Amino acid sequence: MLPDPLRPVFLCILLLLGWPAWAAGQDALDSLGLEELMEVEAVSATRRAEPLSRIPAAVTVLTEEDIFRSGATNVPEALKLVPGVHVAQTDTDRWAVGIRGFNGLLSNKHLVLVDGRPVTSPVMTGVQWGNIVPISQVKRIEVARGTRTSLWGAESFTGTINIITKSAIESLGGQSVTTAGTSGVGQTLRYGMETDGDGAIMVYGNGDYLNGSQLSSRDRREEPHDWSQVQGGMRGDWENAFTDALSFQCSLAGSRTKDGSRDGPGPGGPPPLDRTDLNGYAQFVWDRATGLDSNLRFRTSYTRDTASLADLDGGANIVDAELTSAMEEMGRHLVTWGVGSQYFWDDVHGGDRADIDRERIYTWTANGFVRDRITLLPESLYLVLGTKVDVLDEAHVELQPTIRLLHARGDSEYWLAVSRGVRADNRYQRSGSYVIHAKGKDYRVIKPDNLNTEELISYEGGYRRAMTPEARLDLSLYVNDYSELLMMELDDVADTARVTNSLKGTAYGLEALVDWWISDWLTLRPSASLIYQNIYGLDSGPVGDSMPEEGFGSEIKLQVLTKPWERVGADFFLGYIDSPDQLHLPAYFSLEAHLSWRVSDDLLLEFIGRNLGGSHEQFSDLAVGPSADFRVTWDF
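Residues numbered from 1 in each chain as written. Predicted model: local features only at pLDDT ≥ 70, side-chain atom pairs only at ≥ 80, totals over all residues. Heavy atoms only, no water.

Undergrad: Teacher, can you tell me more about the overall build of the chain here?
TA: Within the chain, the regular secondary structure consists of six helices and 37 strands. Counting over 636 residues, the chain shows a buried share of 58%. Sequence-distant contacts in the chain: of pairs separated by 6 or more residues, those separated by 24 or more amount to 61%. (Helix = DSSP H or I, 4+ residues; strand = E, 2+ residues; numbered from the N terminus. Buried < 20%, exposed > 50% of the residue type's maximum accessible area, 1.4 Å probe, protein only. Contact = heavy atoms within 4.5 Å.)

Undergrad: Quick question: what am I supposed to make of the sheet that holds strand E8 (residues 138-145) here?
TA: Paired through backbone hydrogen bonds, the strands of a sheet run either parallel or antiparallel to each other. Pairing is mixed across the open sheet formed by five strands, whose spatial order is E3-E8-E9-E6-E7. Edge positions in the open sheet fall to strand E3 (58-62) and strand E7 (117-118), since each of these has one partner strand only. With four bridges joining them, strand E6 (residues 111-114) and strand E9 (residues 159-165) adopt parallel strand pairing. Within E9, the residue paired with Val-114 across the bridge is Ile-163. (Pairing = 2+ DSSP bridges.)

Undergrad: Honestly, unusual backbone geometry in this entry has me stumped. Any pointers?
TA: Keep in mind that most residues, glycine aside, have a negative phi and that most peptide bonds are trans. Here Arg-100, not a glycine, exhibits a phi torsion of approximately 50°, which is positive. Tracing the backbone shows Arg-100 in the loop between strand E5 (95-99) and E6. Although it is not a glycine, Asp-495 sits at a positive phi angle of roughly 55°. With respect to the element layout, Asp-495 can be found in the loop between strand E28 (471-491) and strand E29 (496-519). By relative accessible area, which is 31% here, Asp-495 ends up partly exposed.

Undergrad: Help me understand the packing of aromatic side chains in this model?
TA: The description of an aromatic ring pair uses the distance of the two centres, along with the angle that the planes make with each other. With the rule as written, the count across this model stands at seven aromatic pairs. The interplanar angle of 5° and the centroid separation of 5.1 Å between the aromatic rings of Tyr-414 and Tyr-463 together place this pair among those described as stacked. Pair noted here: Tyr-414 is in strand E24 (residues 412-423) and Tyr-463 is in strand E27 (residues 454-468), with a separation of 49 residues, a long-range link. In terms of burial, Tyr-414 and Tyr-463 fall into one category: buried. (Phe/Tyr/Trp six-rings, centres within 6.5 Å; stacked < 30°, edge-to-face > 60°.)

Undergrad: Honestly, the pairing of strand E22 (residues 381-393) in this entry has me stumped. Any pointers?
TA: Each regular strand carries side chains that alternate between the two faces of the sheet. As defined by bridge partners, strand E21 (residues 362-377) adjoins E22 across eleven bridges and the pair is classed as antiparallel. Its bridge partner being in E22, Leu-377 is matched across the sheet by Leu-381. Looking at chain direction, E22 and strand E23 (residues 396-409) are connected through twelve bridges and run antiparallel. Each residue of the ladder has a partner; that of Tyr-382, found in E23, is Leu-406.

Undergrad: Looking at this model, I keep getting lost on the nonpolar core. Mind explaining?
TA: One broad rule of soluble globular proteins: the nonpolar side chains tend to lie buried together. By size, the foremost hydrophobic cluster in this structure holds 27 residues, and its most contacted members are Val-75, Leu-79, Trp-129, Ile-132, Ile-141, Ile-161 and Ile-163. Put simply, the parts of the chain that give this core at least two residues each are helix H4 (75-79), strand E4 (85-89), E5, E6, E8 and E9. Once residues lying within four places of it in the same chain are set aside, the contact partners of Ile-141 are Thr-60, Val-61, Leu-62, Ile-67, Val-75, Ala-78, Leu-79, Ile-161, Asn-162 and Ile-163. Counting residues in each nonpolar core, the second largest holds twelve residues, with Leu-456, Leu-503, Ala-507 and Ile-535 among its members. (Core = buried A, V, L, I, M, F, W, Y, C linked by side-chain atoms within 4.5 Å.)

Undergrad: Please explain the environment of Arg-423 as it appears in this structure.
TA: Looking at the element boundaries, Arg-423 is found in strand E24. We classify Arg-423 as buried; its relative accessible area is 0%. Of note is the side chain of Arg-423, whose polar atom sits 2.7 Å from the side chain of Glu-454. (Polar contact = N/O pair within 3.5 Å; in protein donor to acceptor, adjacent residues only side chain to side chain.)

Undergrad: Hey, could you run me through the sheet that holds strand E35 (residues 616-617) in this one?
TA: Taken in spatial order, the three strands of this open sheet run E13-E36-E35, and their pairing is antiparallel. The sheet terminates laterally at strand E13 (215-217) and E35, the two strands that pair on one side only.

Undergrad: Please clarify how the pattern of salt bridges should be interpreted in this entry.
TA: Here the idea is simple: oppositely charged side chains can pair when their charged atoms come close. A full pass over the atoms with the stated rule returns 33 salt bridges. Between Asp-515 and Arg-525 there is a salt bridge whose closest N-O contact spans 2.6 Å. Note that Asp-515 is positioned in strand E29 and Arg-525 in strand E30 (residues 522-535), a separation of ten residues in sequence. The pair Asp-515 / Arg-525 is uniform in exposure class, with both members buried. Close ionic contact of Arg-610 with Glu-592 constitutes a salt bridge, the shortest N to O distance being 2.5 Å. In this pair, Arg-610 is assigned in strand E34 (residues 603-610) and Glu-592 in strand E33 (residues 588-600), connecting sequence segments 18 residues apart. What makes Arg-610 buried here is its relative accessible area of 4%. In the salt-bridge network here, residues are joined through shared partners; they are Arg-100, Arg-145, Arg-404, Glu-460 and Glu-511. (Salt bridge = Lys/Arg side-chain N within 4 Å of Asp/Glu carboxyl O.)

Undergrad: I'm lost on the confidence of the model for the chain in this one. Help?
TA: For the chain, per-residue confidence averages 84 on the pLDDT scale, and 83% of positions sit at 70 or higher. In the model, residues 1-34 has pLDDT below 50 throughout and makes 61 contacts with residues more than four positions away in sequence or in other chains. The low-confidence segment residues 260-272, where pLDDT is below 50, has 44 contacts with residues more than four positions distant or belonging to other chains. (pLDDT = per-residue confidence, 0-100.)

Listed below in structure tokens is the structure:
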């Protein structure tokens, strides 16, 4: 193991060694496609719209075309395309989505947003992916890997996923999306129309039924459940040609879960036999342009999130508001700042298998951030300084700084970063009592003593380059030192467990993605994600929510995009997934296929095949097997 002071040096040496290899034989970039890719703008990584070529961070933007070519029927399936993001299906409607080594039934180390609104549950710090938005409404997905706490606060411990939906102005006319296959059926209807005065309104509704037929259990300890949902929503947008843009959106979703097996559930375990949940939100955004490259933005929202753990009943209510300003460049300085606050209360009550006390049901937090991009050499060298202050309760304040350096030279960008991030415990960890199944037996979790915040010091480096006019490389390396992580300490005598801040370790990782446009009809996108995690002072793997696992893990993927005829597409996704040693899960190959035929400008037919390589276990006792779906999209 490298001594602490040498870790960032080791990272920099690895990065420098890679530069000469790619520098040899460099051609001038004259491809419009690559230029457009370089200028794709992202908001999540900097809290202002900036091109990827000016962002010193590991950022991937999945466009609407990327999502379509993947054949994704939901957001987690689309996230499989991003290196460093771990995606596993754990039940009919449940997914484990993690970033850079943290994943599990409750993935609680990263922040998920929809149009800037946090959707990570404050009760369990997980995400109910089935209640996000219909995939046909998604415009793009921005994934910033690595701690983003200097901008987004304590929830963005390992990264941020921002799902950006289409505006009402971009959704004019009618659309019907029908999906049917071996795992269930779904129907989405949307209609948008213009209103007087530069505005538009859009309404949508969708219904889904999933039977989990592609899931199976070897020991039948757990069985997949049936899940159905009805969701409806609307969005209105108004744009003034000169200064202002207003947006309002809301949604209400009702779901029902029916299941049969009940043995040994813990946090994130299957819900009761017959359960009905109701979730919804409303959000208002005002955006005023204050200059050619500056704006003032106010966003506020209310979210109702059902507690979906074990047999808990009730839910959480969140009201949040934030004001951000992307200022005009002042000499060498490009400043972005913001302030925000969140108020949370819940009405969660326990059942036979889980309980949660009624103390501290009200929580208030506040935050503020500032980021300054300083131009050291025009169009070449930039220094980014930033920090965020989180007021987590009345007496707990956390400072989360970052320092980043970006060098742009020709068709290449090099960047380095050092950041500090923290993450606070959630309501369930702090106040819950429940049963977990570990090491072949059940343990009753008891209420912990006072918990500290988890801490991460991250050293990152990255390299982006147009290797030829048709190929582009995006490489990132990182060393994460984490301490005070929450884990379960097991008492084998009393058969109890307690949450403590006793886990520490180091992760070394590499992520690489190549976009290679071979011809008009063929594109290859190979990617690799490698990670080695060293956990200190434990004889066996840690027990808890979203735990890092000792050992080496790898994900090697290849997306093959073909267009054999003008209106026909044939796309394939191949993967090799090898989890860390302590998970004791065998490595497996995956194969997915997406065939599309645009019959006319108004009619699109698709075939989607998942897990065609066979069944395999991921992060639960359920093995995920093959499935096939047909999707028909009709614009009217």
